[in-house]
Amino acid sequence: MQIKRTVKLVTEQANIDKPSEVEGFPMKSWNIEIFLLDEAGNEKPATCFTKAVYNLHPSFANPIQTFHEAPFRCENEGWGEFDMTIDLYTTEKGGKNTLAHDLNFAKPHYESKHTVSFKNPSAALINLLRDSGPVPGDENGARKKDGEKKRKRQQGAVDMEKLAEGLVKLGEEDLLHVVQMIHDNKSEETYTKNDIEQGEFHVDLYTLPESLVKMLWDFVSSSRQAA
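**Student:** For the packing of aromatic side chains, give the residues involved together with the corresponding values.
**Tutor:** Here the structure, examined in full by the defined rule, presents 6 aromatic pairs. Stacked on the ring of Tyr-89, the Lys or Arg Lys-51 has its end atom at 4.7 Å from the ring centre.

**Student:** Could you give an account of the pairing of strand 2 (residues 28-37), with specific residues and numbers?
**Tutor:** Of all 10 residues in strand 2, 10 are buried, a share of seventy percent or more. Burial of strand 2 is two-sided: the residues Lys-28, Trp-30, Ile-32, Ile-34 and Leu-36 facing one way and the residues Ser-29, Asn-31, Glu-33, Phe-35 and Leu-37 facing the other way are all buried. Pairing analysis gives 10 bridges linking strand 1 (residues 2-15) to strand 2, with the strands arranged antiparallel. Note that in strand 2 the partner of Ala-14 across the bridge is Ser-29.

**Student:** I'd like a rundown of the nonpolar core, residues and numbers included.
**Tutor:** Core analysis: the biggest nonpolar cluster contains 30 residues, and Val-7, Trp-30, Ile-34, Phe-49, Tyr-54, Met-84 and Leu-88 have the highest contact counts within it. Looking at this core, the elements with two or more residues in it are strand 1, strand 2, strand 4 (51-55), strand 7 (82-89), strand 8 (96-103), strand 9 (109-119) and helix 1 (123-129). If near-sequence neighbours (up to four positions away) are discounted, Leu-88 is found in contact with Val-7, Ile-34, Phe-49, Lys-51, Ala-52, Gly-95, Lys-96, Asn-97 and Leu-99. Counting 16 residues, the second-largest nonpolar core is a separate cluster that includes Leu-167, Leu-170, Leu-216 and Phe-219.

**Student:** An account of the sheet that holds strand 4 is needed here, citing residue identities and associated values.
**Tutor:** Sheet architecture is open: 4 strands sit in the order 5-4-7-8, paired in antiparallel fashion. Looking at which strands have only one partner, the edges of the open sheet turn out to be strand 5 (64-67) and strand 8. Here the strands of the sheet are splayed against their neighbours by 20° on average, with no regard to which way each runs. Relative to strand 7, strand 4 is paired through 5 bridges, and the arrangement is antiparallel. Its bridge partner lying in strand 7, Val-53 is registered against Asp-87.

**Student:** Which residues make up the pattern of salt bridges, and what values do they have?
**Tutor:** Per the counting criterion, the structure on display carries 6 salt bridges. In this structure, Lys-214 engages Asp-218 in a salt bridge whose closest nitrogen and oxygen atoms are separated by 3.1 Å. Of this pair, Lys-214 and Asp-218 both sit in helix 4 (residues 210-226), 4 residues apart, roughly one helical turn. A relative accessible area of 43% places Lys-214 in the partly exposed class. Taken together, the salt bridges that share partners define one network made up of Lys-8, Glu-43 and Glu-111.

**Student:** Kindly report on unusual backbone geometry, identifying the contributing residues and their values.
**Tutor:** Across residues other than glycine, the phi torsion is negative in most instances, and most of the peptide bonds are trans. That bond from Ala-70 to Pro-71 is cis: its omega, 10°, falls within 30 degrees of zero. Looking at the element boundaries, Pro-71 is found in the loop between strand 5 and strand 6 (74-78). Phi is positive for Phe-72, which is not a glycine, with a value near 55°. Along the chain, Phe-72 turns up in the loop between strand 5 and strand 6. The exposure class assigned to Phe-72 is buried, which follows from its relative accessible area of 1%. At Asn-120, a residue that is not glycine, the phi angle is positive and equals roughly 45°. Its location among the elements puts Asn-120 in the loop between strand 9 and helix 1. With relative accessibility at 55%, the residue Asn-120 sits in the exposed group.

**Student:** Quick one: what's the story with helix 2 (residues 160-168), residue by residue and with numbers?
**Tutor:** Among the residues of helix 2, Met-160, Leu-163, Gly-166 and Leu-167 are the ones counted as buried. Buried residues in helix 2, looked at end-on, bunch into an arc of 120°, giving them a common side. Away from its buried face, by an angle of more than 90 degrees, helix 2 presents the exposed residues Glu-161 and Val-168. The backbone nitrogen of Glu-161 has a side-chain oxygen 3.0 Å away, supplied by the residue at the start of helix 2, namely Asp-159.

The rules behind these values
- Residues numbered from 1 in each chain as written.
- Predicted model: local features only at pLDDT ≥ 70, side-chain atom pairs only at ≥ 80, totals over all residues.
- Heavy atoms only, no water.
- Phe/Tyr/Trp six-rings, centres within 6.5 Å; stacked < 30°, edge-to-face > 60°.
- Lys NZ or Arg CZ within 6 Å of the ring centre and 35° of its normal.
- Buried < 20%, exposed > 50% of the residue type's maximum accessible area, 1.4 Å probe, protein only.
- Helix = DSSP H or I, 4+ residues; strand = E, 2+ residues; numbered from the N terminus.
- Pairing = 2+ DSSP bridges.
- Core = buried A, V, L, I, M, F, W, Y, C linked by side-chain atoms within 4.5 Å.
- Contact = heavy atoms within 4.5 Å.
- Axes fitted to C-alpha atoms, helices over the stretch in contact; angles between N-to-C directions.
- Salt bridge = Lys/Arg side-chain N within 4 Å of Asp/Glu carboxyl O.
- Arc of directions from axis to C-beta.
- Polar contact = N/O pair within 3.5 Å; in protein donor to acceptor, adjacent residues only side chain to side chain.

Rendered as structure tokens:
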């Protein structure tokens, strides 16, 4: 599973009345803040990140600066423009996104947008990401938006109604095997919902890849013969 989000960096800068180390380059006060954008482009707190690490120019006394609370505001003073990287961390193992940022003084306020990916996020991280948009498993997540017709495909020789009936009649062990087959072979279009509290697993058969439909049909057919 992979979830994508848009991160917005907001940079502000202004002249300050302090002597500059370099003639012709006035001293500046600048700050950067980090937000997520939802589907409508609205700013949302970037709480899906546990910390942001700013890797500044090595001439700074403290060139690596870490912040642990959104909006991860980094504020400094200096006379020069430079390129930096910003590392955004989640609680997931290996959950780091690195953004390249151009600190410049052309405008007092400017914004930049970056797409980041979250691979195989935990349930806790998915809940945090839900604040900024749909996630797989939501009614408006992997399914098409309301109003769109579900894409109907010919499933070869498979009768989808009979497949659904056969799945319902399977025993517990066979059902667990089916769930694993779906997890291992589903596509990005596949709609599934795992209701842990109710102990239920939901899947839209019409969103499964044809190869997986055939696998399920063969499995159900073999289970019937064995019964």
